[in-house]
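# Reading the structure
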Amino acid sequence: MLSSSLLVRQFLDPETYSTSLLQDMAHVSMFLRSEPKWEMQEAQPDIGWRIRKQYFLVKHLERPKVRYLLSRASLGPDHCLSPKDLDAVMRLLPSMQHPYIYPVEFSMGNEHGGLVIRTYVSDPGTLRDRICKARPRRTYLKKYLKPKVHNTLPLNEVKLAGRQILEGLKFLQEKGLPYGHLHASNVIVDNGCYRLTDVENHLLGLPCYYRPYITQLRKVSTVEAIDVYCFGHLLYEMVFGYSLNSTTCDNFPCSPQIQAILASILSSEACRTGLPSVSSLLSQPLFSDVPINYTEKAQFKLSSRLKEALQAAKEAMESRLKEEKKLVYALLVYSSIKHHLASKTDVFLTIRCRSRSAYLKQPPSTCLKRRQ
């Protein structure tokens, strides 16, 4: 968490990271000049964990009493869409309707990055705010680095949140819009509903929150598998009240129903052999027993050309991830060999020192006899 903090990086490398907020403010100002119905109120620095993503409170001149949050992010290393296709898909996001995906008021993209405006939810905020009992407007580090409270969710709430989140993931997968960015801070708690947000992250090529773990797992190599793996981490956090700070886990002291699902996603065996799909998780009794009543029709339409572009971008991202996994694996093998050789050297030096010490402790007469 500290390594990804903008404050820490600005302290260590002020020349590289000092202009991030100023550049984002410049891009936002250019947008506001082209869209006069929006007006900036104030910056919200450090409320997120990403270095190249900034937040601003804005208001709509026709709805001045409604608070909106504008997020602006630069393109990430996995970005593969052309500026034209990126802007086309981004401008379609406000048309997405689903009860478990947080709606977008306005969005756009260009060769520099993307900009999204959503209504601002200050109470209770995100699912991680709910678990840590944190105030949404505080900085990310103050809220989550060392929270005073770890709040576990009751079983009924875990089941409801799990079902709704899985329904949102299933919808995105069916519509051909990759997600891959599920974590507790990307789930908005809104009037008893758990709604996915930041659906634009994949389009902008931003790295996943759990990417350092995913690069160590050979079987988690598709966006669909990443969604399931991230859901396992989220379920763990809801049940135990704190994040799982390791790649895998084989000990889950909880109810048998939840234990079985966590083991099917996060255990060493599951990560070695393969993870379940979102549909198979929805068929589990823990989630299938939760009633779901859609009050609005779920819809999102993409042209065949944009679907093909998104599929090509998805495959390029997955290919890059596989190459990164190979590099990580080679580094782990190198570190293991280096450690093994170092331990053998230490043993050899220890034996040599002990032999020399024993030789020097012998009486002089014994040493002379051996030399003769």
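Whatever comes next refers back to the structure up there.
What you see as residue numbers is a count from 1 along each chain, following the sequence as written. Two thresholds apply to this predicted model, a pLDDT of at least 70 for residue-level local features and 80 or more for giving and counting side-chain atom pairs, whereas whole-chain, interface and lining totals are computed over all residues. With hydrogens and water stripped out, all remaining heavy atoms of the structure feed into the side-chain values.

On to a nonpolar patch on the surface, then. A surface patch of nonpolar side chains, amounting to about 370 Å² of accessible area, comprises Y329, V333, I337 and L341. Put simply, DSSP H or I for four residues or longer makes a helix, DSSP E for two residues or longer makes a strand, and each gets a number counted from the N terminus. Positionally, V333 belongs in helix α14 (residues 304-361). Patch membership requires more than 30% relative accessible area and the absence of a salt bridge. Residues of like charge join within 9 Å; the nonpolar side chains Val, Leu, Ile, Met, Phe, Trp and Tyr join within 5 Å. Using a 1.4 Å probe, the Shrake-Rupley method yields the accessible areas, and only the shown protein chains count as cover for residues. Put simply, a salt bridge is a Lys or Arg side-chain nitrogen that is within 4 Å of an Asp or Glu carboxyl oxygen.

Take the pattern of salt bridges next. Between side chains of opposite charge, a pair can form as their charged atoms come close. Here the structure, examined in full by the defined rule, presents 19 salt bridges. Across the pair K53 and E200 runs a salt bridge, and its minimum N-O distance is 3.6 Å. Highlighted residues: K53 in strand β2 (residues 53-60) and E200 in the loop between β7 (193-196) and α8 (211-214), separated in sequence by 147 residues. Like K53, the residue E200 is buried in the burial classification. Notably, a salt bridge pairs R118 with E200, separated by 2.6 Å at the nearest N-O pair. Of this pair, R118 sits in strand β5 (residues 113-119) while E200 sits in the loop between β7 and α8, placing them 82 residues apart in sequence. Burial classes follow relative accessibility: with a 1.4 Å probe on protein chains only, a residue under 20% of its type's maximum area counts as buried, one over 50% as exposed, and anything between as partly exposed. Looking at R118, the relative accessible area reads 7%, which means it is buried.

Bringing helix α4 (residues 83-92) into the picture now. All buried positions along α4 are accounted for by D85, L86, V89 and M90. Here the buried residues of α4 occupy an arc of 130° about the axis, which is enough to place them on one side. Along the arc lie the directions from the helix axis toward the C-beta atoms.

Okay, the pairing of β5 next. In terms of burial, β5 is a largely internal element, six of the seven residues being buried. Of the pairings in the sheet, the one linking strand β3 (residues 63-74) to β5 comprises seven bridges and is antiparallel in character. From the neighbouring strand, R72 faces β5, where its bridge partner is L115. Looking at chain direction, strand β4 (residues 106-109) and β5 are connected through four bridges and run antiparallel. Across the sheet, the residue bridging to M108 is L115, located in β5. For two strands to be treated as a pair, DSSP must find at least two bridges joining them. The antiparallel pairing of β4 with β5 creates a hairpin that spans three residues between the two strands.

With antiparallel pairing, five strands are arranged side by side in an open sheet as β1-β2-β3-β5-β4. The open sheet terminates on both sides in strands that have one partner only, identified here as β1 (38-43) and β4. Ignoring strand direction, the axes of neighbouring strands in this sheet form an average angle of 25°. One ladder, built from seven bridges, connects β2 with β3; its direction is antiparallel. In the sheet register, H60 faces β3, and the bridge partner there is R63. Between N-to-C directions, angles cover 0 to 180 degrees, with each direction set by a line fitted to C-alpha atoms, over the stretch in contact for helices.

To continue, consider the packing of helix α9 (residues 223-240) against helix α10 (residues 256-266). In contact at an axis separation of 9 Å, α9 and α10 are set at 140° when each is read in the N-to-C sense. In the crossing of α9 with α10, the sense of the turn from one axis to the other is left-handed. When α9 is examined against α10, the residues V228, Y229, F231, G232, H233, L235, Y236, V239 and F240 are found in contact with a partner set consisting of I258, I261, L262, I265 and L266. When residues are sorted by character, Ala, Val, Leu, Ile, Met, Phe, Trp, Tyr, Cys and Pro go into the nonpolar class, Asp, Glu, Lys and Arg into the charged class, and all the rest, Gly among them, into the polar class. Class assignment of the residues belonging to the contact of α9 with α10 gives a composition of twelve nonpolar, two polar and no charged. Working rule for handedness: look at the near helix, and if it is turned counterclockwise from the far one by less than a right angle, call the crossing left-handed; if clockwise, right-handed. Here a residue-residue contact requires only that any non-hydrogen atoms of the pair lie within 4.5 Å.

Turning to the packing of helix α7 (residues 155-174) against α9, a few remarks are in order. Orientation of α7 relative to α9, taken along the N-to-C sense of each, is 165°, at an axis distance of 11 Å. Judged by the inter-axis angle, α7 sits roughly antiparallel to α9. Our pair here, α7 against α9, has a crossing hand that is right-handed. Each of V158, A161, G162, I165, L166, L169 and Q173 in α7 lies in contact with α9, whose residues at this interface are E224, D227, F231, L234, L235, M238 and V239. Roughly parallel means an angle under 35 degrees; roughly antiparallel means over 145; roughly perpendicular covers 65 to 115; every other angle is labelled oblique.

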